[in-house]
Amino acid sequence: MSPVAALEPSTGRSATAEPRGTTAADRRPRLATYLASAIIVVVIAGFSVIGVVGLLPASVDGLHALYAVAAVAGLLGIQLLWFSRPSARLDSVTSRVLLAVVVVLAYVPLPTFGILWADMPDFVGGAALLVLPPRYAWPTLGVVALSEVWVYHTFGASPLDTIYIGFSACFYSILYYLLARLARMVHELHRARTELAQRAVAEQRLAFARDLHDLLGLSLSAIALKGELAQRLMRKSVEAAKAELGEITATAQRTLSDVRAVSHGYRELSLEKESRTAETLLSASDVAVRVHLDQGDLPVQARTLLAKVLREGVTNVLRYSEVEHCEIDVRHHDGKVTLEIVNDGVTADDPAATLATLPDEVAALGGTATAKTGSDGRFRLRVELPVPERLGSGAAHEAEQQTETESKRIRRLLPVVMSLMACGATLHVLELTTQPWQVILVVGSIVALLALQFSYFNRPATNLRTAQSYGMVFVQACLVYLPLLPLGPNWVSLPGLLIGSSLLVLPPVAGWVFFALNIAAYAEIQRISGADITSTVFYTAATVMTGLAVFGLLWLVRLVTELDNTRRRLAEMALAEERLRFARDLHDLLGMSLSAIALKSELTARILSLDRHRAADELAEVLGLTRQALSDVRSVASGYRELSLASESRTAKSVLISADVRVRMEMLEDELPTPVRTVLAVVLREGVTNVLRHSKVESCEIAMHRTDGGISLDIVNDGVGGYRDARAENPENPDDPGDPAEPPAPVVPAPRTAPRDSSPGSGIGNLSHRVADLGGELTAGVEADGRFRLRAVVPV
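Residues numbered from 1 in each chain as written. Predicted model: local features only at pLDDT ≥ 70, side-chain atom pairs only at ≥ 80, totals over all residues. Heavy atoms only, no water.

Participant: Which residues make up the overall build of the protein, and what are the values?
Facilitator: Counting secondary structure elements, the protein contains 24 helices and 10 strands. The buried share of the protein, reckoned over its 796 residues, is 51%. Sequence separation of 24 or more characterises 74% of the internal contacts of the protein that already satisfy a separation of 6 or more. (Helix = DSSP H or I, 4+ residues; strand = E, 2+ residues; numbered from the N terminus. Buried < 20%, exposed > 50% of the residue type's maximum accessible area, 1.4 Å probe, protein only. Contact = heavy atoms within 4.5 Å.)

The following block contains the structure:
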């Protein structure tokens with residue numbers, strides 16, 4: 001029997017070739033490919049070298065030696081340089097041609113070298129699993145294993161050796177496949193991560209486009225039609241024209257309110273932050289509160305809705321002075337997440353307690369919401385939402401499902417490889433002894449080792465750096481070495497499982513020290529058992545390679561799982577960022593247009609009887625603003641958001657003059673980069689929108705200047721005190737410019753003579769984010785002279 005046939009080393013056996021790889025015990029994903037490559041090189045090179053060393057003594061002449069070395073070198077080169085390369089296309093014609101070459105190199109030398117060459121077709125089995133579709137690959141592996149069994153039988157090998165070689169063929173073929181496929185999966189996951197996120201974002205943008213079409217398309221079209229109708233009626237009936245203008249104002253205000261609602265809905269809220277806020281508020285109100293938060297990994301929509309429910313539920317609790325105890329419980333189990341808010345003071349009979357708007361929002365995500373008083377007299381608000389197993393739909397979901405299927409297939413093959421090792425060890429002990437108690441003891445210890453390996457160490461979700469894991473390693477060591485005491489020279493076990501698992505569980509230094517101690521102990525066991533120096537070296541080398549192979553496979557499987565989860569999370573983060581971008585753009589790009597439409601249509605109605613010519617000009621600007629708003633809708637949905645600073649400055653001046661605000665504007669004529677120009681245009685929009693919200697403003701100065709390496713934009717007015725300094729908005733963290741995920745405050749235009757809302761809004765958070773993205777700085781606050789200044793400085 002050839003030395004390479006042995007699956008697991010033990011006393012009294014021929015040499016064994018098992019995979020090994022040398023790499024630092026570093027869990028950084030970018031080293032995974034190097035680890036897999038090192039293991040593949042050592043496994044295949046070791047297999048080939050031992051095979052050549054085994055057959056050369058029988059081929060004494062130089063021609064046969066050259067023949068064997070050339071054939072093995074060809075097999076080794078094809079396997080390492082092509083099939084084991086993560087970037088190689090395995091479905092190409094080249095791969096199929098090379099598979100045919102491997103078949104020739106593996107089978108043609110058989111008549112010359114006989115049983116000494118019988119292990120080389122293992123290369124064919126591994127390559128077939130990589131290149132051929134599964135419905136052809138697995139039958140091909142079966143044919144390879146049967147061919148090796150037939151060779152052994154033909155050359156008169158014992159029945160146990162003949163069966164053994166069949167297990168060996170399956171073991172090495174699947175091992176080659178697993179190592180190459182795992183390294184390829186790491187490579188593909190890194191490469192596909194961006195693609196998945198782009199697909200998910202593209203699908204989300206289609207959803208945005210549908211939402212905007214349903215929300216704004218009809219309203220803006222109605223404004224445009226009514227504006228054109230008002231233009232025609234101005235010459236015939238002033239009262240009819242005023243009525244149409246009144247409807248334009250109402251439609252613009254209603255649409256602006258809808259924009260705020262949608263912008264709010266697309267902003268992600270933090271469940272952790274809401275729970276901390278709730279606990280603080282309830283404690284400050286002398287309410288004994290208990291919070292249990294076990295949300296797990298939730299989609300953005302579910303996480304945001306639960307945060308909203310928590311906020312509204314706690315607000316409802318705070319309305320009642322009778323409340324003394326409140327429990328907030330979030331649990332994630334069985335594909336569902338539940339939120340319960342239980343208190344002893346709110347009654348279900350009170351309309352405020354029913355939170356009537358929640359059921360519709362919860363039902364939209366496929367969940368249920370109940371609010372009732374329990375048998376214990378306590379009020380219970382309960383929301384239950386299903387948690388999808390995977391993110392996204394369509395193309396992104398299909399890509400996710402394909403990766404998941406491949407990952408599961410690989411994880412299923414890992415126990416198959418270890419089971420083949422156990423089968424080889426069982427056949428081995430049958431060759432060494434026929435005493436039933438010894439066979440039962442070996443088989444029992446091996447079965448126990450496999451059970452522990454499959455149920456604990458092979459599970460990717462197992463936390464290996466724990467005291468429990470250290471205990472499991474100790475149990476493994478007992479199962480491996482304790483049978484040595486009664487068995488003596490007939491001892492057979494799977495020390496590779498112990499070595500591989502310990503390298504994962506123990507800290508790097510301790511793991512490699514334990515590795516060295518096990519190898520030294522195994523070599524000493526071989527010497528005491530009477531093995532010669534050659535066999536001892538072979539057995540020890542085989543143990544090293546087996547342990548490193550188990551370590552490499554376990555690490556790569558865990559790493560693929562971690563990268564798979566990371567990729568999904570990154571795609572979800574891309575979606576969340578796109579949703580936040582959508583919310584910001586709704587607020588920043590459409591806010592001013594809709595505010596200006598409402599203001600100008602109202603102004604047109606007021607001056608129509610006094611100055612029809614000016615009213616016509618104002619109405620023409622309303623139609624222009626409507627067209628601009630429609631263009632903004634398209635830019636929000638597509639993600640393309642280039643704005644003209646010159647156009648925005650003209651619009652701003654016109655709108656402010658229409659609002660009876662004195663304007664002094666100094667703009668630069670310099671050509672600016674598109675990102676800088678767009679951000680400054682957005683700042684100008686938001687600044688002017690803020691001015692329009694306040695009836696006290698009489699004058700406004702807008703100035704752009706060159707600074708050291710950048711551009712500054714200042715918007716100064718004498719009536720706005722509504723913007724708070726970013727640090728003042730968050731006293732707990734003065735370095736935090738504000739939470740951009742907070743919902744925007746209302747921005748509803750009203751007549752200049754009416755009282756105005758002075759709430760600060762949330763535009764400062766959006767603008768800070770945009771300016772900071774370009775490396776700039778945004779400041780907002782009231783100066784010593786009482787004027788309010790919004791200043792943006794952006795590097796060019």
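Next comes the rest of the description.
Participant: I'd like a description of helix 22 (residues 674-692), backed by residues and values.
Facilitator: Between the first and last C-alpha of helix 22 there are 27 Å, a value that for 19 residues agrees with the 27 Å anticipated at 1.5 Å per step. The buried fraction of helix 22 amounts to 17 of the 19 residues, a majority that puts the element mostly inside the structure. (Expected span 1.5 Å × (residues − 1).)

Participant: Give me the pairing of strand 4 (residues 368-373): which residues, what numbers.
Facilitator: Two strands pair when backbone bridges link them, and strand 4 and strand 5 (residues 379-386) are joined in this way by six bridges, in the antiparallel orientation. Paired with Thr368 across the two strands is Glu384, which belongs to strand 5. Hairpin connection, strand 4 to strand 5: the antiparallel pair is bridged by five residues, and Gly377 has positive phi, about 85°. (Pairing = 2+ DSSP bridges.)

Participant: Quick one: what's the story with the environment of Tyr172, residue by residue and with numbers?
Facilitator: Inspection of the secondary structure puts Tyr172 in helix 7 (residues 159-233). On the basis of relative accessibility, which here comes to 1%, the residue Tyr172 falls in the buried class.

Participant: Account for the pattern of salt bridges, naming residues and giving values.
Facilitator: Under the counting rule described, the total for this entry stands at 21 salt bridges. Salt-bridge contacts for Glu671 lead to Arg677; the nearest nitrogen and oxygen are separated by 3.6 Å. Judged by its relative accessible area of 70%, Glu671 falls in the exposed class. Given a relative accessible area of 16%, Arg677 falls into the buried group. The network of salt bridges with shared partners includes Lys336, Glu340, Arg380, Arg382 and Glu384. (Salt bridge = Lys/Arg side-chain N within 4 Å of Asp/Glu carboxyl O.)

Participant: So, the sheet that holds strand 10 (residues 788-795): which residues are in play, and what are the values?
Facilitator: One open sheet accounts for five strands, arranged 6-7-8-10-9; its pairing is mixed. At either end of the open sheet lies a strand with only one pairing partner, and these are strand 6 (662-666) and strand 9 (777-782). The sheet shows a mean angle of 10° between the axes of neighbouring strands, taken without regard to direction. Relative to strand 7 (residues 699-707), strand 6 is paired through five bridges, and the arrangement is parallel. Each residue of the ladder has a partner; that of Arg662, found in strand 7, is Ser699. Strands strand 6 and strand 7 of the sheet are contacted by helix 21 (residues 645-658), whose axis makes an angle of about 165° with strand 6. (Axes fitted to C-alpha atoms, helices over the stretch in contact; angles between N-to-C directions.)

Participant: If you had to explain the sheet that holds strand 4 to someone new, which residues and values would you point to?
Facilitator: Taken in spatial order, the five strands of this open sheet run 1-2-3-5-4, and their pairing is mixed. Each edge of the sheet is formed by a strand with only one pairing partner; in this case those strands are strand 1 (288-294) and strand 4. Between one strand axis and the next, the sheet turns through 10° on average, direction left out of account. Together, strand 1 and strand 2 (325-333) form the strand contacts of helix 9 (residues 271-284), whose direction differs from that of strand 1 by roughly 170°.

Participant: How would you sum up a nonpolar patch on the surface? Please name residues and give values.
Facilitator: A cluster of nonpolar side chains, Tyr67, Val104 and Val108, forms an exposed patch at the surface whose accessible area comes to about 240 Å². By the secondary structure assignment, Val104 is in helix 3 (residues 93-107). (Patch = residues over 30% accessible without salt bridge, like charges linked within 9 Å, V, L, I, M, F, W, Y side chains within 5 Å. Areas by Shrake-Rupley, 256 points an atom, 1.4 Å probe, with all protein chains shown as cover.)

Participant: I'd like a description of helix 18 (residues 508-528), backed by residues and values.
Facilitator: Since one α-helical turn is 3.6 residues long, residues separated by three or four positions face the same way. Under the 1.5 Å per step criterion, the end-to-end length of helix 18 is 30 Å for 21 residues, consistent within 8% with the ideal 30 Å. Within helix 18 the residues assigned to the buried category are Gly511, Phe515, Asn518, Ile519, Tyr522, Ile525 and Gln526. With its buried residues spanning 125° around the axis, helix 18 presents them on a single face. In helix 18, the exposed residues that point more than 90 degrees away from the buried face are Val509, Leu517, Arg527 and Ile528. With its phi angle positive at about 95°, Gly530 sits one or two positions after the end of helix 18. (Arc of directions from axis to C-beta.)

Participant: A description of the environment of Cys170 should follow, citing residues and the corresponding values.
Facilitator: Inspection of the secondary structure puts Cys170 in helix 7. Look at Cys170 and you get partly exposed, because its relative accessible area is 22%. Remark: the alpha-carbon pair of Cys170 and Val417, spanning 247 residues in sequence, is separated by 8.3 Å. Ignoring sequence-local partners within four residues, the contact set of Cys170 consists of Leu141, Ala145 and Leu420.

Participant: Which residues make up the packing of aromatic side chains, and what values go with them?
Facilitator: In the structure shown here, the tally under the stated rule is 11 aromatic pairs. Consider the rings of Tyr172 and Tyr176, whose centres lie 6.2 Å apart with planes at 45°: the pair is tilted. Remark: Tyr176 and Tyr172 occur in helix 7; sequence separation between them is four residues, near one turn of the helix. A centroid spacing of 5.8 Å and a plane angle of 15° characterise the contact between Phe551 and Trp555, whose relative ring orientation is stacked. Here Phe551 pairs with Trp555, and both are found in helix 19 (residues 533-607), just four residues apart, close to one helical turn. Each of the two residues, Phe551 as well as Trp555, counts as buried. Aromatic rings pair up to connect Phe123, Phe171, Tyr172 and Tyr176 into one cluster. (Phe/Tyr/Trp six-rings, centres within 6.5 Å; stacked < 30°, edge-to-face > 60°.)

Participant: Let's hear about the packing of helix 21 against helix 22: which residues, and what values?
Facilitator: Following both chains from N to C, one finds helix 21 and helix 22 inclined at 10°, their axes separated by 9 Å at the closest point. When the interaxial angle is binned, helix 21 and helix 22 end up roughly parallel. Across from Leu645, Glu648, Ser649, Ala652, Val655 and Leu656 in helix 21, the residues of helix 22 making contact are Arg677, Leu680, Ala681, Leu684, Arg685, Val688, Val691 and Leu692. When grouped by side-chain class, the residues that make up the contact of helix 21 with helix 22 number 10 nonpolar, one polar and three charged. (Parallel < 35°, antiparallel > 145°, perpendicular 65-115°, else oblique. Nonpolar A, V, L, I, M, F, W, Y, C, P; charged D, E, K, R; others polar.)

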